[in-house]
Amino acid sequence: MREETVGTLLAFVVLVLLGIEPVIIKASPVNPFAFASAASLFASSILWTALLATGKAREIPKKPGEIKKTFLTGLFATAVAYSLFTYGTRLSTAINSAILTRFEVFYSFLIGWLFLGERITARGAFSALALVSGVFLVVTGGKGVTIGGGDVLLLLTPLFWQIGHAIAKRTAYSPLTIAALRNTFGGLLLLIPALKTGFAFTPLALAEGIIIALTQSLWYYSIARINLSKATAILTPSPVLSVMASMVLLGESVGVYQIAGLALIIAGTLLVALEKSEGR
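Everything quoted here is computed from the prediction, not taken from an experiment.

Some details on helix α9 (residues 175-197)
In a regular helix each residue adds 1.5 Å, so 23 residues correspond to 33 Å; α9 covers 32 Å between its end C-alpha atoms and thus fits that length. Its axis deflected by about 30° at Leu191, α9 carries its strongest bend there, up to four residues before the proline Pro193. Gly198 sits one or two positions beyond α9 and adopts a positive phi of about 110°.

What to know about the side chain of Thr157
With respect to the helices and strands, the residue Thr157 is situated in helix α8 (residues 151-169). The exposure class of Thr157 is buried, given its relative accessible area of 0%. For Thr157, the residues in contact, after removing those within four places along its chain, are Ala81, Leu84 and Phe85.

Here we look at the confidence of the model for the chain
Model confidence for the chain is summarised by a mean pLDDT of 82, while 84% of its residues fall at 70 or above. Taken element by element, the chain is modelled with least confidence in helix α12 (residues 238-250), mean pLDDT 63, and with most confidence in helix α3 (residues 59-62), mean pLDDT 95.

Quick word on the nonpolar core
General note: in soluble globular proteins, nonpolar side chains tend to be found buried as a group. Membership of the largest hydrophobic core comes to 27 residues, with the highest contact counts inside it found for Leu47, Trp219, Tyr220 and Ile223. The residues touching Ile223, leaving out its near neighbours within four places in the chain, are His165, Lys169, Leu228 and Ala231. Grouped together as the second largest cluster of nonpolar side chains are 13 residues, Phe33, Ala36, Tyr82 and Ile211 included.

Digging into the environment of Val256
Relative to the helices and strands, Val256 is located in helix α13 (residues 256-273). Accessibility expressed as a relative area gives 68% for Val256, which makes it exposed. Considered as a pair, Val256 and Leu137 are 119 residues apart in the sequence and their alpha carbons are 9.3 Å apart.

Here is what the cut-offs are and how they apply
Residues numbered from 1 in each chain as written. Predicted model: local features only at pLDDT ≥ 70, side-chain atom pairs only at ≥ 80, totals over all residues. Heavy atoms only, no water. Helix = DSSP H or I, 4+ residues; strand = E, 2+ residues; numbered from the N terminus. Expected span 1.5 Å × (residues − 1). Bend = angle between axes of the 7 residues up to and from the residue. Buried < 20%, exposed > 50% of the residue type's maximum accessible area, 1.4 Å probe, protein only. Contact = heavy atoms within 4.5 Å. pLDDT = per-residue confidence, 0-100. Core = buried A, V, L, I, M, F, W, Y, C linked by side-chain atoms within 4.5 Å.

This is the structure in structure tokens:
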């Protein structure tokens, strides 16, 4: 199977897992920092077990210069991004959080073009616009969004995700090693504010840790094969999966705006899935 196809399929698997994740996070009764730190450290323990079992851990001492890159990935993509996301969501609304963080796809185009030499095509840009528009229609039902103080933090969150992803894409470790070290560093960095605000444990952190271990390892395997911007665009509809689950499981009605939004999302996802990863 071609590398392009494998990378695209892996991104779709990550999309499904990310659609499940908000349900677990919302159900957690403990301090958000404590939850994130415990989940990240549990994920790192799973990934370290896999590293040792496969022998991939041997590459770490062979390439010590790459450790700094994985620390920066953990700092930006986990510790900083999650902190911004937590406080932004508290100051804003769940709807704004779902929509504004989806602008990650536009950051991915910019960072991929500037730092990774990825090519931006007209079809790729159009698909990104269709995806974000579709998410907006499904999540809001066509209603307006009021901009509040926490929205700036929410807009900055995906920027730090993408900075971390760009660094990871240039790290000469296997995807499994990058994911393990990212969660180790990120979990330890988040442990500092978690201890200050009151550390507590919930079994849901274990479930979240499993999802983190799966999504991040598969994510790094994906972006090792396809453009960062393409992989990010595929993940854009993730909030919609949660909304659709509520419609199906809770019997909530589907309106015209939701149907129109889903049509845009399907079209945008198909367009970006067929896009070929190229350099500029």
